[in-house]
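Coordinates in review
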Amino acid sequence: MSVEEIGGARVPGATHRTAFDDETRARLSADAAVIKARYPQERSALLPLLHLVQSEDGYVSPRGIAFCAAELGLTTAEVSAVATFYTQYKRHPNGDYTVGVCTNTLCAVMGGDAIWEELSDHLGVGHDETTEDGAITLERIECNAACDYAPVVMVNWEFFDNQTPDSARDVVEALRAGTPVAPTRGADHVCTFKEMSRVLAGFSDGRADEGVGAGPATLRGLELARQEGWTAPPFTDEERTRAAEQARTPARGTPRAAAPAAAAGERPASAAEPTPAGTPAPGAEQSSAERPPVSEGDVSAEQEQRKQSSDDAKES
Ligand code: FES
């Protein structure tokens, strides 16, 4: 159950405003350390950390935001800014299963709109709304690059191909009944939103090789090309020359003197030279968490840390 339970009863609208208990926080911190170690700069770990929070709370909870901020030396405002940008991060308790109906052009004309109307009527919820039992969150979703199997429905990002209103209704009823449900391709059965979120955080569930990968419709073009001996045309000399020139051209804003060394993958000599306050040398660390304040209104890393600690305490 993704919705917070208090005393065994579901409390609609309840949120996780209290901090994680010590045991949970220690466990999540250990996981966060594994994730952070994968990145040269810790703040780059924010996206998987938000998934980690969702694997615990079923959404990006206020205490989850505070946790990410504390782990990465960010403010809670910075974490919220990222969490509200991407639709995969939920700002309210999500159902155990996100059922996404593709209503982009091809799926829509192939029946996606009819599937959406059937599921919305049947479940009694609209876009990004969750059924009363906390089982299903229904969403309209954009193209999943599975147009060869349109119309497509996704359950926690597993494919259900060539759906009809009736077959999609059967899927959601089986999910609500707790029956294991197998997608058309991919894993042997769909996992819960929390389980999926842990995988997205970077912790394998060992199921990546289950089931069918690319199906016949997806591979049809490849088969035809092999039968007919079709291959992609090779690059022309002009295209190779242009690509080499582009590789040598400094990116906008990069000092020209730094370009040859950067293109060769070397640290430019100028990296060690003094630069104006707050301006990172080419090739140097560029995390704003490490830069000194450059103006009166600017916030130093130390101030950000104090602000984040204060926010964290308030969330507790
Ligand atoms: S339009 Fe639905 S998967 Fe592409």
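Located above this text is the structure these notes cover.
Residues numbered from 1 in each chain as written. Predicted model: local features only at pLDDT ≥ 70, side-chain atom pairs only at ≥ 80, totals over all residues. Heavy atoms only, no water.

**Brief notes about the overall build of the protein chain**
Across its full length, the protein chain carries eleven helices and seven strands. Burial analysis of the protein chain (316 residues in total) assigns 39% to the buried set. Summarising the internal contacts of the protein chain: among those between residues at least 6 apart in sequence, 62% fall at separations of at least 24. With the model as given, the accessible surface of the protein chain reaches about 17700 Å², and the carbon-plus-sulfur share is 52%. (Helix = DSSP H or I, 4+ residues; strand = E, 2+ residues; numbered from the N terminus. Buried < 20%, exposed > 50% of the residue type's maximum accessible area, 1.4 Å probe, protein only. Contact = heavy atoms within 4.5 Å. Areas by Shrake-Rupley, 256 points an atom, 1.4 Å probe, with all protein chains shown as cover.)

**Details of the nonpolar core**
Within the largest apolar cluster, 22 residues are counted, with the highest numbers of intra-cluster contacts made by Leu50, Leu52 and Val79. For Leu50, the residues in contact, after removing those within four places along its chain, are Val60, Cys68, Val79, Val82, Ala83 and Tyr89. Formed by 20 residues, the second largest nonpolar core is a distinct cluster that contains Leu123, Val155, Phe160 and Val190. (Core = buried A, V, L, I, M, F, W, Y, C linked by side-chain atoms within 4.5 Å.)

**Digging into the pairing of strand 3 (residues 97-102)**
Counted residue by residue, strand 3 has six buried out of six residues, so it is predominantly covered. Residues Tyr97, Val99 and Val101 line one face of strand 3 and the alternating positions Thr98, Gly100 and Cys102 line the opposite face, and both faces are buried. With six bridges connecting them, strand 3 and strand 5 (residues 136-141) associate as parallel partners. Considered in strand 5, the bridge of Cys102 is made with Ile141. (Pairing = 2+ DSSP bridges.)

**Structural notes on helix 7 (residues 193-200)**
Turning to helix 7, its buried residues number three or more, namely Phe193, Met196 and Ser197. Angularly, the buried residues of helix 7 cover 100° about the axis, an arc narrow enough to put them on a single face. Residues of helix 7 that are buried in the fold lie against helix 2 (46-57) and strand 3. One or two steps after helix 7, the chain reaches Gly202, where phi turns positive at roughly 110°. (Arc of directions from axis to C-beta.)

**Observations regarding a nonpolar patch on the surface**
A surface patch of nonpolar side chains, amounting to about 320 Å² of accessible area, comprises Leu47, Phe85 and Tyr86. In this fold, Leu47 is placed in helix 2. (Patch = residues over 30% accessible without salt bridge, like charges linked within 9 Å, V, L, I, M, F, W, Y side chains within 5 Å. Salt bridge = Lys/Arg side-chain N within 4 Å of Asp/Glu carboxyl O.)

**What to know about unusual backbone geometry**
Residue Pro151 is reached from Ala150 by a cis peptide bond, and omega for that bond is 0°. Looking at the element boundaries, Pro151 is found in the loop between strand 5 and strand 6 (153-155). Positive phi, close to 70°, is recorded for Trp157, a residue that is not glycine. Turning to its location among the elements, Trp157 is positioned in the loop between strand 6 and strand 7 (158-160). Using a relative accessible area of 32% as the deciding quantity, one classes Trp157 as partly exposed. The backbone of Asn162 shows a phi angle near 45°, a positive value even though the residue is not glycine. Tracing the backbone through its elements, the reader meets Asn162 in the loop between strand 7 and helix 6 (165-177).

**Some details on the pattern of salt bridges**
Side chains that carry opposite charge are capable of pairing whenever their charged atoms lie near each other. If you walk through the whole model with that rule in mind, you get 13 salt bridges. For Asp31, the salt bridge goes to Arg198, with nearest N and O atoms at 3.0 Å. In this pair, Asp31 sits in helix 1 (residues 22-36) while Arg198 sits in helix 7, placing the two residues 167 residues apart along the sequence. Given a relative accessible area of 12%, Asp31 falls into the buried group. Close ionic contact of Lys90 with Glu139 constitutes a salt bridge, the shortest N to O distance being 2.1 Å. Residue Lys90 is located in the loop between helix 4 (76-83) and strand 3, and its partner Glu139 is located in strand 5; the two are separated by 49 residues in the primary sequence.

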